[in-house]
Amino acid sequence: MQQIRLYVKGLSYSQTQSGAYALVLGEESGERRLPIIIGGFEAQSIAIALEKDMNPPRPLTHDLFKNFADQFKITLKEVLIHKLQDGVFYSILVCEREGETHSLDARTSDAVALAIRFKTPIFTYEEILDKAGVILGEGQADTEKGKSSKAKSTEKSSSSPGLLSTQSLDSLKKQMDEAVRNEDYERAARLRDEIEKREGNKD
């Protein structure tokens, strides 16, 4: 079966499940998107891996896995989303150690979080994209343009922008550093978005 390479397009609150997030994977050489519902912890882990300016004071579970693999010279070669059954995506980690290749079952959210840390490719099959992929409308495509693989880990509530907009840039940066130290990554992501918006307006 033909494999299609994917990349992380973004993250947003799930519109269908409370407390969940939608991980959006994009087709590298096409317009299709593969939305996958994941939990909050996994969404935070993926967002942190994508945001290079966020360094947790202690390793998260996926960071620990990466450190463990590096210590014992285990390489993650690729992630393959190989099955879709009853709305659930199934993935495998293709690992290599001392010239031997091994495949491990993994939740897709964990597999993607690890793929980002190992800088390894993510693949799926054409038939899965045909079945579960979506093509963004023209307006949506314009909105997505330029985001690349940078994730927006939260969509701001209607009240949050007003509260953040009254504070100074220095105050926002200090609060973001504090949120990262306290491992409150959802709050850190909201503060980061406001900082980026302010600094972007300076250009």
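Definitions and limits used
Counting from 1, residues in each chain are numbered in the order their sequence is written. Per-residue local features of the predicted model are confined to residues with pLDDT of at least 70, and side-chain atom pairs are confined, for both listing and counting, to 80 or more; whole-chain, interface and lining totals are unaffected and use all residues. The side-chain values count all of the structure's non-hydrogen atoms but skip hydrogen atoms and water molecules. The rule for a salt bridge is simple: a side-chain nitrogen of Lys or Arg has to be within 4 Å of a carboxyl oxygen of Asp or Glu. The numbering of helices and of strands both runs from the N terminus, where a helix is a DSSP run of H or I of at least 4 residues and a strand a run of E of at least 2. A simple rule labels every residue: compare its accessible area, found with a 1.4 Å probe on the protein chains alone, to the largest value its type can have, and call it buried under 20%, exposed over 50%, or partly exposed in between. The angle between two axes is taken between their N-to-C directions and runs from 0 to 180 degrees, where each axis is a line fitted to C-alpha atoms and a helix contributes only its stretch in contact. Angle categories: roughly parallel below 35 degrees, roughly antiparallel above 145, roughly perpendicular from 65 to 115, and oblique for all the rest. Crossings are sorted by hand: turned counterclockwise from the far helix by less than a right angle, the near helix makes the crossing left-handed, and turned clockwise it makes it right-handed. Only heavy atoms enter the contact rule, under which two residues are in contact if any of them lie within 4.5 Å. Throughout this entry, Asp, Glu, Lys and Arg are counted as charged residues, while Ala, Val, Leu, Ile, Met, Phe, Trp, Tyr, Cys and Pro are counted as nonpolar. The remaining residues, Gly among them, count as polar. Contacts described as polar in this section are N or O atom pairs within 3.5 Å, which, within protein, must combine one atom able to donate a hydrogen with one able to accept it, while residues neighboring in sequence count only if both atoms come from side chains. Aromatic pairing here means that ring centres of Phe, Tyr or Trp (its six-membered ring) are within 6.5 Å. Orientation follows from the plane angle: under 30 degrees is stacked, over 60 is edge-to-face, and everything else is tilted. Both a distance and an angle decide whether a charge sits over a ring: NZ of Lys or CZ of Arg must be within 6 Å of the ring centre and within 35 degrees of the ring normal. Think of a nonpolar core as a cluster: buried Ala, Val, Leu, Ile, Met, Phe, Trp, Tyr and Cys residues, connected wherever their side-chain atoms sit within 4.5 Å.

Going by the annotation in an unreviewed UniProt entry, the name recorded for the protein chain is Bifunctional nuclease family protein, with Croceimicrobium hydrocarbonivorans given as the source organism.

S.K.: What exactly am I supposed to notice about the pattern of salt bridges here?
M.R.: Side-chain pairs of opposite charge can arise where the charged atoms are in close proximity. Evaluated as defined, the whole model comprises nine salt bridges. Linking Asp63 and Arg117 is a salt bridge whose minimum nitrogen-to-oxygen distance equals 2.6 Å. One end of the pair, Asp63, is in helix 2 (residues 61-71); the other, Arg117, is in helix 3 (residues 108-118), with 54 residues separating them in the sequence. Per residue, the accessibility class of Asp63 equals that of Arg117, and both read buried. A salt bridge links Asp70 to Lys66; its shortest N-O distance comes to 2.7 Å. With Asp70 and Lys66 both in helix 2 and four residues apart, this pair spans about one turn of that helix.

S.K.: Help me understand the packing of helix 1 (residues 40-50) against helix 3 in this model?
M.R.: When two helices pack together, you describe them by how their axes are tilted relative to each other and by the distance separating the axes. Relative to each other, helix 1 and helix 3 sit at 15 degrees, their axes nearing to 9 Å. In terms of axis orientation, helix 1 runs roughly parallel to helix 3. For the crossing formed where helix 1 meets helix 3, the hand is left-handed. Seen from helix 1, the contacting residues are Glu42, Ser45, Ile46, Ala49 and Leu50; seen from helix 3, they are Ser109, Asp110, Val112, Ala113, Ile116 and Arg117. Of the residues assigned to the contact of helix 1 with helix 3, the class counts are six nonpolar, two polar and three charged.

S.K.: What's the story with the side chain of Ser91 in this structure? I'm lost.
M.R.: Within the secondary structure layout, Ser91 lies in strand 5 (residues 88-97). The exposure class assigned to Ser91 is buried, which follows from its relative accessible area of 2%. Of note is the side chain of Ser91, whose polar atom sits 2.7 Å from the side chain of Thr108. Residues within four places of Ser91 in sequence aside, it is in contact with Leu80, Ile81, His82, Leu104, Asp105, Ala106, Thr108 and Ala111.

S.K.: Would you mind showing me how to read the packing of aromatic side chains here?
M.R.: Any aromatic ring pair is given by two values, namely how distant the centres are and how the planes are angled relative to each other. Taken as a whole, this structure holds two aromatic pairs when the rule is applied. Taking the centre distance of 4.9 Å and the plane angle of 40 degrees together, the rings of Phe68 and Phe72 count as tilted. For Phe72, a relative accessible area of 43% corresponds to the partly exposed category. It is Lys66 that lies over the ring of Phe118; its NZ or CZ is 5.2 Å from the centre. Positioned over the ring face of Tyr90 is Lys83, at 4.5 Å from the centre of the ring.

S.K.: So what exactly am I meant to see when it comes to the nonpolar core here?
M.R.: Taken as a class, soluble globular proteins show a tendency for nonpolar side chains to be buried jointly. In this structure, Leu25, Leu34 and Ile46 are the most contacted members of the largest nonpolar core, which totals 34 residues. When contributions to this core are tallied by element, the ones reaching two or more residues are strand 1 (3-13), strand 2 (21-27), strand 3 (32-38), helix 1, strand 4 (75-85), strand 5, helix 3 and helix 4 (126-132). Those residues in contact with Ile46 that lie beyond four places of it in its chain are Leu11, Leu23, Ile38, Ser109, Val112, Ala113 and Ile116. Leu164, Leu172, Met176 and Val180 belong to the second largest nonpolar core, which has twelve residues in total.

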